[in-house]
Amino acid sequence: MWEALWQWLWLPIDASRAHGLEQNVAWHGRLMVATWGFLFPISIIITRFLKVTPRQQWPNELDNRFWFRVHVAAQVSGGVLTAFAVWLVWSPGSEGNLPWLHRLCGWSVVSLYCAQFIGGIARGTRGGMDEPAPDGSIHGDHFDMTTRRVIFEYAHKTLGYTSIVLAAMAMLLGLWITNAYIWMWLGLFGWWCFSITVYAALQRKGMALDTYQAIWGPDPNLPGNQRKPIGFGIQRRNG
Ligand code: HEM
Ligand code: HEM
């Protein structure tokens, strides 16, 4: 019985087509799944839910930069992997509707990545004691929640999640075009179910703390605490 199961897992999803891949396409798929299927979802879960780490004495200890370091390291290295993976399959012209749709999703994901990267760099100044304004005051785009920072937060969160959804479509189309083995589909679906469950559980535990509060604290007189938090399900605490 186990042997039959094992053999079934190693069948291509569409029995009418063969599963034969060139090495460059196989590596394109592996790298894209590793980056967009695993690395980026983990980075986003850490970015959203670990603005305050479990042993941190918030609000006495503010501005834990763990999440930010992980986010930037993951997103930058994922960008390098994505560029390499695209380079592996880059060729002009293709046949059939499915590769065309995969290309459309794929290039949209790459464009969104570039927009996210540029937006991340152009998000404005921070402010506060550590990074004061040129006049020595504590003002900065984040501390004051200027229009520039507000636009960044709305755009970055919306485009970030959109890119993940489009990447999921690109991955499914890629698996279909290459007639991937059944275990690959099951592995990816299993992982998605697991990560969505973790996301929902951490959300229910109240861990999606507003970035502004995580960095600057809960004082209601601070400029950013006087406006509503940005993004779905973002939570505030009273200290
Ligand atoms: C987020 C995930 C993915 C992204 C962003 C992505 C992106 C791309 C892009 C931009 C191209 C077109 C390159 C060109 O213009 O020549 C492409 C082609 C291709 N990708 Fe992906 N890809 C992803 C996942 C996958 C996966 C999981 C597979 C399957 C193993 C796959 C298989 C292919 C194949 C076979 C082609 C060539 C299609 C053709 O034009 O005939 N891709 N991909
Ligand atoms: C290296 C460039 C990047 C920088 C500097 C950066 C910076 C940030 C910052 C500061 C936040 C927190 C925003 C807030 O809560 O107010 C954030 C959140 C986020 N980033 Fe990035 N980011 C970068 C690249 C990316 C990329 C390439 C993606 C997606 C492909 C991405 C997806 C996200 C998502 C989805 C969130 C929101 C998570 C949540 O709270 O639900 N980021 N990023």
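About the criteria used
Residues numbered from 1 in each chain as written. Chains lettered and ligands numbered in written order. Predicted model: local features only at pLDDT ≥ 70, side-chain atom pairs only at ≥ 80, totals over all residues. Heavy atoms only, no water. UniProt positions renumbered as here; feature names shortened; annotations may be inferred. Helix = DSSP H or I, 4+ residues; strand = E, 2+ residues; numbered from the N terminus. Buried < 20%, exposed > 50% of the residue type's maximum accessible area, 1.4 Å probe, protein only. Contact = heavy atoms within 4.5 Å. Areas by Shrake-Rupley, 256 points an atom, 1.4 Å probe, with all protein chains shown as cover. Near = heavy atom within 4 Å. Polar contact = N/O pair within 3.5 Å; in protein donor to acceptor, adjacent residues only side chain to side chain. Nonpolar A, V, L, I, M, F, W, Y, C, P; charged D, E, K, R; others polar. Donors = N, O, S within 2.8 Å, 3.2 Å for Na, K, Ca; no water.

Per an unreviewed UniProt entry, the protein chain carries the name Cytochrome b561 domain-containing protein and comes from Pseudahrensia aquimaris. As recorded by UniProt, the Cofactor (unreviewed entry) comment attached to the protein chain reads in full: "heme b". Of the comments in the UniProt record for the protein chain, the one headed Subcellular location (unreviewed entry) reads "Membrane".

Draft legend 1. The arrangement of the overall build of the protein chain in detail. When its secondary structure is counted, the protein chain shows eight helices and zero strands. Each helix (α) and strand (β) of the protein chain, taken in turn from the N terminus, gives the series α-α-α-α-α-α-α-α. C-alpha atoms of the protein chain, sized along the principal axes, occupy 65 × 45 × 25 Å. By residue count, 40% of the 239 residues in the protein chain fall in the buried class. For the protein chain, the share of sequence-separated contacts (at least 6 apart) that also reach a separation of at least 24 residues comes to 75%. Of the roughly 14,100 Å² of accessible surface on the protein chain, a fraction of 68% belongs to carbon and sulfur atoms.

Draft legend 2. Summary view of the site of ligand 1. Neighbouring residues of ligand 1: 22 residues in total, closest H28, S91, H102, R103 and W107. Residue H28 places a side-chain N or O atom 2.8 Å away from a nitrogen atom belonging to ligand 1. Taking R103, its side chain carries an N or O atom lying 2.9 Å from an oxygen atom of ligand 1. Taken together, the elements giving at least two residues each to the shell around ligand 1 come down to α2 (23–49), α4 (97–121) and α6 (147–177). Split by residue class, the shell around ligand 1 holds 13 nonpolar, eight polar and one charged.

Draft legend 3. Summary view of the site of ligand 2. The full set close to ligand 2 counts 25 residues, and H71, E153, H156, Y161 and T211 are the nearest of them. R48 is positioned with one of its side-chain polar atoms (N or O) 2.9 Å from an oxygen atom of ligand 2. At 2.4 Å from an oxygen atom of ligand 2 is found a side-chain nitrogen or oxygen belonging to T211. Elements supplying a minimum of two residues to the shell around ligand 2: α2, α3 (66–89), α4 and α6. The greatest single-element share of the shell around ligand 2, amounting to eight residues, is contributed by α6. Of the residues assigned to the shell around ligand 2, the class counts are 10 nonpolar, nine polar and six charged.

Draft legend 4. Focus on the coordination of the iron atom of ligand 2. Here the iron atom of ligand 2 is held by H71 (NE2) and H156 (NE2), and the distances to it run 2.0 Å. What makes H71 buried here is its relative accessible area of 15%.

Draft legend 5. Just the side chain of N225, in detail. Residue placement: N225 occurs in the segment after α8 (211–216). You can call N225 buried: its relative accessible area is 13%. There is a polar contact of 3.0 Å between the side chain of N225 and the backbone oxygen of G217.

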